[in-house]
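Understanding the architecture of this molecule
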Number of protein chains: 2
Amino acid sequence: MEEDVKEGASDKYSLRGRVFSRLREDILNGKYEEGVELREIAIGEELGVSRTPVREAFRQLELEGLIKIIPNKGAYVVGISDKDVRDIYILRSRLEGLAARWAVDHITNEQLEEMEENVYLAKFHTQKGHNEQIFELDNRFHELLYEASGSKILEHQLKDYHQYVLRIRKKTLSSKARGPQSNLEHEAILEAIKNKNADDAERLAHEHMINAYKNMIDNGLIKPED
Amino acid sequence: MEEDVKEGASDKYSLRGRVFSRLREDILNGKYEEGVELREIAIGEELGVSRTPVREAFRQLELEGLIKIIPNKGAYVVGISDKDVRDIYILRSRLEGLAARWAVDHITNEQLEEMEENVYLAKFHTQKGHNEQIFELDNRFHELLYEASGSKILEHQLKDYHQYVLRIRKKTLSSKARGPQSNLEHEAILEAIKNKNADDAERLAHEHMINAYKNMIDNGLIKPED
DNA sequence: ATGCGTAGGATTGTATACAATAATACACGT
DNA sequence: ACGTGTATTATTGTATACAATCCTACGCAT
């Protein structure tokens, strides 16, 4: 019955962990926009903690690339440029393909079952237009794929990227056309994994990301180039 | 004449930055082996600083995956397993291929010149058997490739992995056979980039990593599987 | 008006003090 | 002898005090 002892970087039960998670969320959700200076004292007061946990959270956020700390000067929110998003989607298209390939050999029965349930539920919520649930299920499908790859390294990497483009993705999935299509693609990937067809799994996962990428561009969420 | 204002995470002129770099190095070089507990006070005394910068460095090291912090308990060195190394080489083989492909369109003249100089020098030092220089030049060749990709995201990612497998790589390149072969492969990648042949560049960079990977296994530096 | 130097304040960097938590050892009862 | 509870100690978590640095504004000379 253990709950969640795995999230090493952001244990929820320390002040630092809470500051870290909160700031991360606020930056990804756009509360703090690009270039904004984060002051240790101000953040601390807002969250009711001293500078110490804030500073430690800052160091982590910098390593995640969400803020840039200039020594003796300050911490500034680093925006995600359109180019960053494009790059990440290209990287993800390749790495998710690899994850799907590896998942063929490493997925557990539990993971397979959850994936099937996920696809089934997503179909339902898409019909009903439940955007929040669709978003969560999509998140979970991809995380499951990463976990099923059996590679801590790959899993960690893809989860990072996944989080990083959160802002954009929230908009994308709400688009009427992409939702159902995305589900079908998930289902196809799942089928390939079940059939132990590594080539198909990789190809489908790869295409899935490319399609998501194209969708973003078609809907004007990001520019196709600089 | 500005020197190095880019290494955001590890500015050398703060105590925290020095602690971070030092611990990182010590872990990668094997001074602190897997499972060892790092105590804040002990590390602080060894480096002549208080707990504060040590703690901040710890948070960063955790995010890099080099240590694991268990709340209220301690910080433990996380070893690189053979599987991690294998996974990273597979990932790198794909991502370096992508970097080489992108470099074809984005490499600057300065980068191209440095790469040519790098290959030329490496040939010399290989003949002389200067292992330390060979190691540094190999490092630099790959970093150049990452920078030439024109993608901050990809560059950052590959530099991370590159650092991560430092320990192993040091041994690999000293092996008599791999050194010269590695040079030839670098040269071939460089030629493909100069000739604006993206397909060749990607394929050659991909193969370069696969060869390095095979070499490690053949020399018994890592197990081929668990 | 403009440029430069300097003083003041604000902010980060570091050290230290205190609080909370976890590991250990030992005493006690059975 | 064994298990249990508790006191002790070591270590991490957080807050605060102090030092170093940077930015701004102001005054002064030109």
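Residues numbered from 1 in each chain as written. Chains lettered and ligands numbered in written order. Predicted model: local features only at pLDDT ≥ 70, side-chain atom pairs only at ≥ 80, totals over all residues. Heavy atoms only, no water.

**Structural notes on the protein's contact with DNA strand C**
Looking at DNA strand C, there are 20 residues lining it, with A:Arg55, B:Leu15, B:Ser50, B:Thr52 and B:Lys73 nearest. A:Asn72 is positioned with one of its backbone polar atoms (N or O) 3.3 Å from a phosphate oxygen of DNA strand C. Note that a phosphate oxygen of DNA strand C is positioned 2.8 Å from one of the backbone N or O atoms of B:Ser50. Elements supplying a minimum of two residues to the surface near DNA strand C: α3 (51-63) of chain A together with α1 (15-28) and α3 (51-63) of chain B. Partitioned by chemical class, the residues of the surface near DNA strand C number five nonpolar, six polar and nine charged. (Near = heavy atom within 4 Å. Polar contact = N/O pair within 3.5 Å; in protein donor to acceptor, adjacent residues only side chain to side chain. Helix = DSSP H or I, 4+ residues; strand = E, 2+ residues; numbered from the N terminus. Nonpolar A, V, L, I, M, F, W, Y, C, P; charged D, E, K, R; others polar.)

**A short note on the pairing of strand β3 (residues 74-77) of chain A**
Residues and elements named next belong to chain A. The two faces of β3 match: Gly-74 and Tyr-76 on one face and Ala-75 and Val-77 on the other face are all buried. The pairing of strand β1 (residues 37-38) with β3 spans two bridges and is classified as antiparallel. Counted as the bridge partner of Glu-37 is Tyr-76 from β3. Bridging between strand β2 (residues 67-70) and β3 involves four bridges; their strand directions are antiparallel. In the sheet register, Ile-70 faces β3, and the bridge partner there is Gly-74. The turn linking β2 back onto β3 is made up of three residues, and Asn-72 within it adopts a positive phi angle of 65 degrees. (Buried < 20%, exposed > 50% of the residue type's maximum accessible area, 1.4 Å probe, protein only. Pairing = 2+ DSSP bridges.)

**Here we look at the interface of chain B and chain A**
With 33 residues of chain B in contact, the opposing surface of chain A contributes 33 residues. Between chain B and chain A, a total of about 3000 Å² is buried, with carbon and sulfur atoms accounting for 60% of that surface. On the chain B side of the interface with chain A, the three residues burying the most area are B:Leu63, B:Arg94 and B:Ile153, jointly 23% of the side's total. Summed over the shared surface of chain B and chain A, the number is six salt bridges. (Contact = heavy atoms within 4.5 Å. Buried area = accessible area lost by both parts, 1.4 Å probe. Salt bridge = Lys/Arg side-chain N within 4 Å of Asp/Glu carboxyl O.)

**Some details on the confidence of the model for chain A**
A residue-level look at chain A finds 91% of positions with pLDDT of 70 or above and a mean pLDDT of 88. pLDDT under 50 marks residues 1-8 of chain A. Its contacts with residues more than four places away, or in other chains, come to four contacts. (pLDDT = per-residue confidence, 0-100.)

**Here we look at the sheet that holds β1(A)**
Residues and elements named next belong to chain A. Read from one edge to the other, the open sheet built from three strands follows the order β1-β3-β2, with strand pairing classed as antiparallel. What marks the edges here is a single partner per strand, and that holds for β1 and β2. Running at roughly 115 degrees to β2, α3 makes contact with β1, β2 and β3 of the sheet. (Axes fitted to C-alpha atoms, helices over the stretch in contact; angles between N-to-C directions.)

**As for the protein's contact with DNA strand D**
Around DNA strand D, 20 residues are found, and the nearest of them are A:Leu15, A:Ser50, A:Thr52, A:Lys73 and B:Arg55. Counting only the atoms of DNA strand D within 4 Å of the protein, the fraction contributed by sugar and phosphate is 69%. Interatomic distance of 3.2 Å between a side-chain N/O atom of B:Arg59 and a phosphate oxygen of DNA strand D. One of the backbone nitrogen or oxygen atoms of B:Asn72 is found 3.2 Å away from a phosphate oxygen of DNA strand D. Sorting the residues of the surface near DNA strand D by element identifies α1 (15-28) and α3 of chain A together with α3 of chain B as the ones contributing at least two each.

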